[in-house]
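What the coordinates show
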Amino acid sequence: MKEARAMKKNILISPYGGLLLLALILALMPLAVSNDFHYDLLTKICLTATVAVGLNLLVGYAGQVSLGHAAFYGAGAYASAILTSQYNLSPMVALLSAAAGVGVMAWLVGRPILHLKGHYLSMATLGLGVIAAIVLNNEEQLTGGPDGVGLPPLSLFGHELSVFGEYQFAGLTFTGVELWYLLAAAVLVIAVLLALNIIDSPLGRALRALHGSEIAAQVAGVDTAKYKLRVFVISAVYASVAGSLYGHYSGFITPTVASFEHSIELITIVVLGGMASTFGVIIGAAILVLIPQFLTDFQELEMVVFGAILMAVMIFLPRGLLPSVLQRLQRGAQ
Amino acid sequence: MSALLSVTNLSKEFGGVHAIEDLSFEVQRGHVHSIIGPNGAGKTTLFNLVTGLYQPSAGAVTLGGRDITGRAPHKLCEMGMARTFQNLQICMNMSALENVMLGRHRHLGSGALAAMLKLPGLRKADRHCREHCRELMTFVGCGDYLDHAASAMPYGALKRLEIARALAAEPDILLLDEPAAGLNATETEALKSVIQKIAGKGITVVLVEHDMKLVMNVSDHLLVISYGRKLAEGTPEQIREHPEVIAAYLGGGTRERQAQEVPA
Ligand SMILES: Nc1ncnc2c1ncn2[C@@H]1O[C@H](COP(=O)(O)OP(=O)(O)O)[C@@H](O)[C@H]1O
Ligand SMILES: [Mg+2]
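Cut-offs and rules
Residues numbered from 1 in each chain as written. Chains lettered and ligands numbered in written order. Predicted model: local features only at pLDDT ≥ 70, side-chain atom pairs only at ≥ 80, totals over all residues. Heavy atoms only, no water. Helix = DSSP H or I, 4+ residues; strand = E, 2+ residues; numbered from the N terminus. Rg over C-alpha atoms; globule rule 2.2 N^0.38 Å. Buried < 20%, exposed > 50% of the residue type's maximum accessible area, 1.4 Å probe, protein only. Areas by Shrake-Rupley, 256 points an atom, 1.4 Å probe, with all protein chains shown as cover. Domains from an automatic or database assignment. Contact = heavy atoms within 4.5 Å. Buried area = accessible area lost by both parts, 1.4 Å probe. Salt bridge = Lys/Arg side-chain N within 4 Å of Asp/Glu carboxyl O. Polar contact = N/O pair within 3.5 Å; in protein donor to acceptor, adjacent residues only side chain to side chain. Donors = N, O, S within 2.8 Å, 3.2 Å for Na, K, Ca; no water. Near = heavy atom within 4 Å. Nonpolar A, V, L, I, M, F, W, Y, C, P; charged D, E, K, R; others polar. Pairing = 2+ DSSP bridges. Axes fitted to C-alpha atoms, helices over the stretch in contact; angles between N-to-C directions.

The next subject is the overall build of chain B. From N to C terminus, chain B includes eleven helices and ten strands. A compact globule built from 264 residues would reach a C-alpha radius of gyration of about 18 Å, and chain B, at 19 Å, matches this within 12%. If you line up chain B on its principal axes, its C-alpha atoms span 65 × 40 × 35 Å. Considering chain B as a whole, with its 264 residues, one finds that 55% of them fall into the buried category. When the accessible surface of chain B is totalled, it reaches about 11000 Å², and 49% of it is carbon and sulfur.

Right, here's the structure in full:
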């Protein structure tokens, strides 16, 4: 009964309040950080969180596991690289074309594999990730192979946004790193807003019903195959946009962006932060981006630590970090 | 009277087990049509065949004259068919109200872009849907749980919630699989009036139920099945007097008890 009441309260908390809080925290962050290194981490957290918010729609809300999501992130990044440097498209046009292309790609590969259930879907997406990594490593003409490929700086409204630049706005001076952080934070806020809108809509209910009871969804008129495919495409487009931005931000990418390890990192973020908790996965993203900073002397331990986190969360916090903490707080309050 | 649902020579085999065997019957439009039979008779299997969750081994099903044999459940929903489940199919990751709103899926635009941008049209439709589904919850007797998570509701209320979800689709035909199972006497009495009100709205009801008092009270027509085959068919009066039914299903000694429980 106690849990019952806690759950009831959870529903009453408006997620849009959380969005305001997130925007506020992101806007105030510059007061707390002082150097380029911190801004660099914050930018990476925002971009990683953007992928995770999209992946959470697929995994946390719709209950469909993808173990190859880095493939879409990598595809976005590489498509931007190739379209800008080899076809001379402007970065924004390249980013949008990449997102559309990755959406179509996800639709094409998703159609056959989303008919598979449970472990088969995991296996198929795992295979997709492996293939992506192989292609990026071997198509040297196009991708530069294992050595990677460079990208030009992003340009917005005709202005180049380089991490090395300095920019004047309304009498204030911003460094490129600061502006990049603000851009990534804005992208994250928009990503969260769109995700919250989806969740609180007929589409969102259909997606959550796939997780809750696929049979209930079917008899309620939900074409389950179609909706699985839709959320797969949406989450792939999220990953593609974040990948393109990351490519322009870092100026150089290698096939590791699409690696199996990166896919596992993304899944760990979703599980750690809290399945079906949009704000939880942002915390998850922050933790997983920060962990390697504490492991600089033991880089080979990274995957071990991620694996250990995954196991510990499954055992001790099966609902994920944020939902579990919120529940404790509510119980404490009663 | 015309048949809304008709089942012809339907069979379903599970690795040698004939769950449904050469079964034919019709459900008249506007009727409350009950299907009774002992556990394992094939009642749930029959529902799963009719609602497209199972593919039949042989035979045909038509709805309003259209062949719907083996058609996908979501397509049947669009054609006006709704159902509940003996073993609950509730989305425990959603609120009670959202479960009912899921039932209105076929009446709402579900475009991804409209959802992402929260377009005004969709927003308005969703608000109406919310109001309507609250009313439905109150109608089936779940009014105490309007703001609850589904996982916080007791069993009896969840059974009624499934009825609300099915009604949200505004079906022409509603299939109820043992809606009274696990309900106490008061709840069963309330269920009876809900079924009668649903029938009063002109919705055709197919009812699978073990509670004979309820069945005899609400039904226009009864079908008795045993081992996947038709045992008898007729009005409640005819079935009550049917010797084979009494012998095979109602069992020895039940006759007097029936006589007490069932008002003539
Ligand atoms: N999915 C299934 N796989 C195998 N056997 C099944 C399946 N569903 C039902 N059966 C069998 O079919 C018969 C009828 O079951 P069911 O339709 O559940 O009966 P009822 O609802 O009348 O109690 C039983 O013998 C049951 O074991
Ligand atoms: Mg049954």
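So, about the domain arrangement of chain B. All names here are of chain B. The assigned domain composition of chain B is domain 1 (1-80 + 173-178 + 204-264) and domain 2 (86-170). The C-alpha centroid of domain 2 is placed 28 Å from the C-alpha centroid of domain 1. Residue-level contacts link eight residues of domain 1 with seven residues of domain 2. Carbon and sulfur atoms supply 59% of the area buried between domain 1 and domain 2, which totals about 610 Å² over both sides. Taken as a group, Cys77, Leu174 and Glu178 account for 53% of the area that domain 1 buries against domain 2, more than any other trio of residues on that side.

Moving on, we come to the interface of chain B and chain A. The figure often quoted for interface size is the accessible area lost as the parts come together. On the side of chain A, 32 residues touch chain B, which itself brings 38 residues to the contact. For the pair chain B and chain A, the two sides together bury roughly 3000 Å², of which 65% comes from carbon and sulfur. Looking at the side of chain B facing chain A, the largest losses of area belong to His74, His105 and Met116 of chain B, adding up to 20% of the total buried there. Counting across the interface, chain B meets chain A through four salt bridges. Aspartate 126 of chain B is the partner of arginine 205 of chain A in a salt bridge, and the nearest nitrogen-oxygen pair spans 2.8 Å. Our count for the chain B to chain A interface comes out at eight residue pairs in polar contact (both at pLDDT 80 or more).

With that settled, consider the coordination of the magnesium ion (ligand 2). Residues and elements named next belong to chain B. Summarising the metal site, the magnesium ion (ligand 2) is bound by the protein donors Thr44 (OG1) and Gln86 (OE1), whose distances to it range over 2.0 Å. Of this pair, threonine 44 sits in helix α1 (residues 43-50) while glutamine 86 sits in the loop between β6 (81-83) and α3 (96-103); the two residues are 42 residues apart in sequence, bridging distant segments of the chain. Taking the relative accessible area as the measure of exposure, threonine 44 reaches 26% and is therefore partly exposed.

Residues and elements named next belong to chain B. Ligand 1 sits among Phe14, Ala19, Pro38, Asn39, Gly40, Ala41, Gly42, Lys43, Thr44, Thr45 and Tyr54. Between an oxygen atom of ligand 1 and a main-chain N or O atom of alanine 41, the distance comes to 3.2 Å. The protein chains hide 62% of the 560 Å² of surface that ligand 1 would expose on its own. With three residues, the top contributor of residues to the shell around ligand 1 is α1. Counted by class, the shell around ligand 1 contains five nonpolar, five polar and one charged residues.

Here we come to the sheet that holds strand β1 (residues 3-14) of chain B. The pairing of strands in a sheet comes from backbone hydrogen bonds and takes either a parallel or an antiparallel form. Residue and element names in this part refer to chain B. Read across the open sheet, the four strands follow the order β2-β1-β4-β5; overall the sheet is antiparallel. The two strands at the open ends of the sheet, each matched to only one other strand, are β2 (17-28) and β5 (66-67). This element, α1, spans β1, β2 and β4 (58-63) of the sheet and lies at about 115° to β1.

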